[in-house]
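The primary structure of each chain is shown beneath.
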Amino acid sequence: MPNRMTLPLSAIAGAALLFVNVQTASANNVEEGAYLTAAAGCKACHTATEEGATPFAGGHALKTPFGVFYTPNITPDIQHGIGAWSDSDFLDALKRGIRPDGSHYFPSFPYTSYTKMTDEDALKIFAYLKSLSPIAEPNKEHDVSAPFSWRWVQSFWKILFFDEGEYLAPSGATDAVKRGGYLTNALGHCGECHTVRNAMGGFDNDLHFGGSGKEDPAGNVPNITPHASGIGDWSKGDLISFFETGMKPNFDDVQGEMAEVISEGTSKLTPEDRDAMAEYLLSLKPVQKPE
Ligand code: HEC
Ligand code: HEC
């Protein structure tokens, strides 16, 4: 009799313990996902700029030389958001630029950088997004003219300019440089603004992080390689305090889109991660900023 009692009881206790472990693991994923989401700057793009707009509910207008793209709702609403998505739907979107219906995303969604994330980190971001309240906000149509509005054209763009695959650190990189390279390339998508593009919107990888010139549609974005036309005279400490506070070595405050990268992103990182990003930028090949 006692034996018949103890077996089921221990089984129940075991199951309960497993349940608790699973709960803790998913709580950790949500917490780590929140950190990664900040490092990846998802909120700035997926929140409308109007006062009181709900975070992650989309509607943010992105002006590009090809027209205006409106970001979609990425809250877990079943109808209007990504509430019905599976893990593989999410990985296909973020790392391959593929929609659940098999068509292509436009590269105004920086999947070109997010492809460099590990699946593990991408799924933590997904866990965090799923923990948010669902918002029933319909998506806005993009205001982009043909042929740039044709999703099928994107398959050619991808063949030319999209390199799928996780981040590979330069050989011989220190742990800090590896971490910094991952944070800036895979998560921070710093190159989406700081690397010049050709007329078709593909990156010029020889000028990685070299900024863009005045005539460039992206505007005059600074060179963030250690070149005289870039951050050649910034110390590591200068970079770290810039990432933390937005103050430049000449005491100017950061302006424009970079201000958001700092307030929503780099200022929320751990000191170790800011340190790693600074180490990485200073380890880059110096390139001349385009005129
Ligand atoms: C530079 C702006 C920008 C950033 C940063 C950005 N996105 Fe997006 N995202 C977009 C745009 C634009 C689209 C729509 C592209 C299209 O319609 O082809 C999109 C689409 C998506 C979709 C597809 C939604 C759907 O309904 O099909 C998901 C999911 C998504 N983004 C998640 C994220 C996550 C997670 C992050 C951060 C890791 C992120 N985005 C960062 C601009 C951005
Ligand atoms: C949405 C576009 C955008 C993204 C993404 C972006 N930046 Fe910037 N960044 C800018 C612009 C624009 C400026 C110029 C701001 C100013 O002059 O105040 C700037 C300025 C800077 C500066 C100061 C350079 C100088 O000479 O004044 C550094 C350093 C920098 N960014 C690093 C980064 C890093 C690292 C990332 C990724 C975590 C990043 N940026 C992501 C647009 C961006």
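Residues numbered from 1 in each chain as written. Chains lettered and ligands numbered in written order. Predicted model: local features only at pLDDT ≥ 70, side-chain atom pairs only at ≥ 80, totals over all residues. Heavy atoms only, no water.

1. Points about a nonpolar patch on the surface
Moving on, step 1. On the surface, a nonpolar cluster with roughly 520 Å² of combined accessible area is contributed by Trp150, Trp152, Phe156 and Ile159.
Moving on, step 2. Take Ile159: it is sitting in helix α6 (residues 153–161).
Moving on, step 3. Take Ile159: its relative accessible area is 68%, and that puts it in the exposed class. (Patch = residues over 30% accessible without salt bridge, like charges linked within 9 Å, V, L, I, M, F, W, Y side chains within 5 Å. Areas by Shrake-Rupley, 256 points an atom, 1.4 Å probe, with all protein chains shown as cover. Salt bridge = Lys/Arg side-chain N within 4 Å of Asp/Glu carboxyl O. Helix = DSSP H or I, 4+ residues; strand = E, 2+ residues; numbered from the N terminus. Buried < 20%, exposed > 50% of the residue type's maximum accessible area, 1.4 Å probe, protein only.)

2. A look at the coordination of the iron atom of ligand 1
Moving on, step 1. Within the protein, a single donor atom binds the iron atom of ligand 1, namely His46 (NE2) at 2.0 Å.
Moving on, step 2. Turning to its location among the elements, His46 is positioned in the loop between α2 (42–45) and β1 (61–64). (Donors = N, O, S within 2.8 Å, 3.2 Å for Na, K, Ca; no water.)

3. Describing the pairing of β1
Moving on, step 1. Sheet topology places β1 next to strand β2 (residues 67–70); four bridges connect them, and they run antiparallel. From the neighbouring strand, Ala61 faces β2, where its bridge partner is Tyr70.
Moving on, step 2. Counting the residues between successive antiparallel strands, the hairpin from β1 to β2 contains two residues. (Pairing = 2+ DSSP bridges.)

4. Re the coordination of the iron atom of ligand 2
Moving on, step 1. The protein atoms that coordinate the iron atom of ligand 2 are His194 (NE2) and Met258 (SD), at distances spanning 2.0 to 2.2 Å.
Moving on, step 2. Viewed at the metal, the six donor atoms of the iron atom of ligand 2 are separated by angles of 88 to 178°, and the geometry they form is octahedral. Taken together, the residues His194 in helix α8 (residues 191–194) and Met258 in helix α10 (residues 256–265) connect sequence positions 64 residues apart.
Moving on, step 3. Judged by its relative accessible area of 23%, Met258 falls in the partly exposed class. (Tetrahedral: all angles 85-135°; square planar, octahedral: opposite > 155°, others 65-115°.)

5. As for the packing of aromatic side chains
Moving on, step 1. Within this structure, the stated rule accounts for 13 aromatic pairs.
Moving on, step 2. Considering the side-chain rings of Phe90 and Phe126, the 4.4 Å spacing of their centres and the 10° angle between planes classify their relative orientation as stacked. Here Phe126 lies in helix α5 (residues 119–130) and Phe90 lies in helix α3 (residues 87–96), a separation of 36 residues in the sequence. Phe126 shares its class with Phe90; the two are buried.
Moving on, step 3. Members of the aromatic cluster, connected to one another through ring pairs, are Tyr105, Phe109, Tyr111, Tyr114 and Phe162. (Phe/Tyr/Trp six-rings, centres within 6.5 Å; stacked < 30°, edge-to-face > 60°.)

6. Examining unusual backbone geometry
Moving on, step 1. Its identity as a non-glycine residue notwithstanding, His189 has a phi of 40°, on the positive side.
Moving on, step 2. Inspection of the secondary structure assignment puts His189 in the loop between α7 (175–187) and α8.
Moving on, step 3. With relative accessibility at 17%, the residue His189 sits in the buried group.
Moving on, step 4. Of note, Phe251 is a non-glycine position whose phi angle comes to about 70°, a positive value.
Moving on, step 5. Looking at the element boundaries, Phe251 is found in the loop between α9 (236–245) and α10.

7. Let's talk about the domain arrangement of the protein
Moving on, step 1. Segmentation of the protein into domains returns domain 1 (27–166) and domain 2 (167–291).
Moving on, step 2. For domain 1 and domain 2, the distance between their C-alpha centroids amounts to 22 Å.
Moving on, step 3. Between domain 1 and domain 2, the residue contacts involve 24 residues of the former and 25 residues of the latter.
Moving on, step 4. Buried area between domain 1 and domain 2, both sides added, is near 1,900 Å², and the carbon and sulfur share of it is 59%.
Moving on, step 5. Joining domain 1 to domain 2, the criterion identifies one salt bridge.
Moving on, step 6. For Lys43, the salt bridge identified is with Glu264, shortest N-O distance 3.4 Å.
Moving on, step 7. Looking at the side of domain 1 that touches domain 2, the elements that each hand over two or more residues are α1 (2–40), α2, α4 (111–114) and α6.
Moving on, step 8. When residues of the side of domain 1 that touches domain 2 are assigned to their parent elements, the largest contribution, five residues, is made by α1.
Moving on, step 9. Class assignment of the residues belonging to the side of domain 1 that touches domain 2 gives a composition of 15 nonpolar, five polar and four charged. (Domains from an automatic or database assignment. Contact = heavy atoms within 4.5 Å. Buried area = accessible area lost by both parts, 1.4 Å probe. Nonpolar A, V, L, I, M, F, W, Y, C, P; charged D, E, K, R; others polar.)

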